[in-house]
Amino acid sequence: MAKTVDVLIFPSIQEDVDLNEVKEKLIKTLRVDVEKVDAWFESNEPTTILKNVDEEVADRYVKAINKCGAECQKSLTDKEKLSLVAKTGNTKLFICPKCEYDEEIPIRAEVEKCPKCGLVLATWEEQLTAEAETEKIRRRLLRQARLEEDSQEDIDRKKKELERLLARAREIMKELGMKPPSALWLLYEKYTIPMSLAIGSLIIIVAGVTFYYVDQYLEQQRR
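Residues numbered from 1 in each chain as written. Predicted model: local features only at pLDDT ≥ 70, side-chain atom pairs only at ≥ 80, totals over all residues. Heavy atoms only, no water.

Asker: Please provide a residue-by-residue account of the overall build of the chain, values included.
Answerer: The secondary structure content of the chain amounts to 7 helices and 5 strands. Listed by position from the N terminus, the elements making up the chain come as β-α-α-β-α-β-α-β-β-α-α-α. Classification of the 223 residues of the chain by burial places 24% in the buried group. For the chain, the proportion of contacts with a sequence separation of at least 24, taken over those separated by at least 6, is 61%. If you sum the accessible surface of the chain, you get close to 16200 Å²; carbon and sulfur atoms cover 56% of it. (Helix = DSSP H or I, 4+ residues; strand = E, 2+ residues; numbered from the N terminus. Buried < 20%, exposed > 50% of the residue type's maximum accessible area, 1.4 Å probe, protein only. Contact = heavy atoms within 4.5 Å. Areas by Shrake-Rupley, 256 points an atom, 1.4 Å probe, with all protein chains shown as cover.)

Structure follows, in structure tokens:
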């Protein structure tokens, strides 16, 4: 007797995925109704979506469903269910993932194309792989965008906190009768880095011009 298993889908999704997108992918991949997919996730317990299927077929379904972002696994069929289906050791069950056509085929036979709807299994698997890669890239870009947004928010928050502290410092100086900083100093506080670079560049230019004229003067004296 060929080994058969059940395929279970859980009412949960993988990390960093959107439930609505997972449902859309399941509807497209498994060719099932919206109501059926909604019922899977509204249930409090796992739902058996395939019963008494060949383990190789179950593996393909589990792989495809997990790529959609859902939680799925295979489960051994109990003895009562096994006794209801008579199978020989020379055959296995083929189930088309598109139209759900099933057929007993020789155990060593390989199905490349569904005899009912014409689905090419290799193309179907390539499509699932491509969609999974696209979804993986999309999630990575979303995480990167969220990190950049969080970083910018942190910078803005620190700037606002610094401005608040500087304003408070000026209020304290005023209360103590101390002379408030000049407008130039306030400008320097606000644009510390750009003005520091500008002042540094100005010093370098003045020093270069001064050294040039001093060198010219000394050269004339030597002559």
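Asker: Which residues make up the nonpolar core, and what values do they have?
Answerer: Residues Leu26 and Val53 are the most contacted members of the largest nonpolar core, which totals 23 residues. For this core, the elements supplying multiple residues, two or more each, are strand 1 (4-13), helix 1 (19-30), helix 2 (34-42), strand 2 (47-54), helix 3 (55-67), strand 3 (70-76) and strand 4 (91-95). Sorting elements by how many residues they give to this core places helix 3 first, with 5 residues. Those residues within four positions of Leu26 in sequence are excluded, and the remaining contacts are Ile9, Arg31, Val32, Val37, Phe41, Ile65, Cys68 and Ala70. (Core = buried A, V, L, I, M, F, W, Y, C linked by side-chain atoms within 4.5 Å.)

Asker: Quick rundown of the sheet that holds strand 3? Include the residues and the values.
Answerer: Spatially, 2-1-3 is the arrangement adopted by the 3 strands of the open sheet, whose pairing is antiparallel. Strands at the two margins of the open sheet, each flanked by one partner only, are strand 2 and strand 3. With direction set aside, neighbouring strand axes in the sheet form an average angle of 25°. Together, strand 1, strand 2 and strand 3 form the strand contacts of helix 2, whose direction differs from that of strand 1 by roughly 75°. Together, strand 1, strand 2 and strand 3 form the strand contacts of helix 3, whose direction differs from that of strand 3 by roughly 165°. (Pairing = 2+ DSSP bridges. Axes fitted to C-alpha atoms, helices over the stretch in contact; angles between N-to-C directions.)

Asker: Can you explain the side chain of Thr29? Please cite residues and give values.
Answerer: Locating Thr29 in the fold gives a position in helix 1. At 2.8 Å, the side chain of Thr29 forms a polar contact with the backbone oxygen of Lys25. Those residues in contact with Thr29, other than ones at most four positions away along the chain, are Ala64, Cys68, Pro97, Trp124, Leu128 and Glu131. (Polar contact = N/O pair within 3.5 Å; in protein donor to acceptor, adjacent residues only side chain to side chain.)

Asker: I'd like a description of the confidence of the model for the chain, backed by residues and values.
Answerer: Model confidence for the chain is summarised by a mean pLDDT of 77, while 83% of its residues fall at 70 or above. Contacts from residues 78-88, a stretch scored under 50 in pLDDT, to residues over four places away or in other chains number 11 contacts. (pLDDT = per-residue confidence, 0-100.)

Asker: How would you summarise the packing of aromatic side chains if you had to cite specific residues and measurements?
Answerer: Taken as a whole, this structure holds 1 aromatic pair when the rule is applied. With a centroid separation of 5.4 Å and an interplanar angle of 80°, the aromatic rings of Tyr212 and Tyr213 are classed as edge-to-face. Residue Tyr212 is classed as partly exposed on the basis of its relative accessible area, which comes to 48%. The exposure class assigned to Tyr213 is exposed, which follows from its relative accessible area of 56%. (Phe/Tyr/Trp six-rings, centres within 6.5 Å; stacked < 30°, edge-to-face > 60°.)

Asker: Talk me through the pattern of salt bridges; I want residue IDs and the actual numbers.
Answerer: Two side chains that carry opposite charge are able to pair once their charged atoms sit near each other. One pass over the full model with this rule turns up 4 salt bridges. Asp38 is paired through a salt bridge with Lys23; the nearest N and O atoms lie 3.1 Å apart. Taken together, the residues Asp38 in helix 2 and Lys23 in helix 1 connect sequence positions 15 residues apart. Through salt bridges with shared partners, a single network forms among Glu55, Asp59 and Lys74. (Salt bridge = Lys/Arg side-chain N within 4 Å of Asp/Glu carboxyl O.)

Asker: Tell me about a nonpolar patch on the surface, and please be specific about residues and values.
Answerer: Nonpolar side chains collect at one region of the surface, where Ile205, Val209, Tyr212 and Tyr213 lie side by side and expose about 450 Å² of accessible area between them. Positionally, Ile205 belongs in helix 7 (residues 192-222). Given a relative accessible area of 55%, Ile205 falls into the exposed group. (Patch = residues over 30% accessible without salt bridge, like charges linked within 9 Å, V, L, I, M, F, W, Y side chains within 5 Å.)

Asker: Give me the lowdown on the packing of helix 1 against helix 2, citing residues and values where you can.
Answerer: Following both chains from N to C, one finds helix 1 and helix 2 inclined at 130°, their axes separated by 10 Å at the closest point. The orientation of helix 1 relative to helix 2 falls into the category oblique. In terms of crossing hand, the pair formed by helix 1 and helix 2 is right-handed. Between helix 1 and helix 2, the residues in contact are Leu19, Val22, Lys23, Leu26, Ile27 and Leu30 and Val34, Val37, Asp38, Trp40 and Phe41, respectively. Of the residues belonging to the contact of helix 1 with helix 2, the class tally is 9 nonpolar, no polar and 2 charged. (Parallel < 35°, antiparallel > 145°, perpendicular 65-115°, else oblique. Left-handed = near helix turned anticlockwise from the far one by under 90°. Nonpolar A, V, L, I, M, F, W, Y, C, P; charged D, E, K, R; others polar.)

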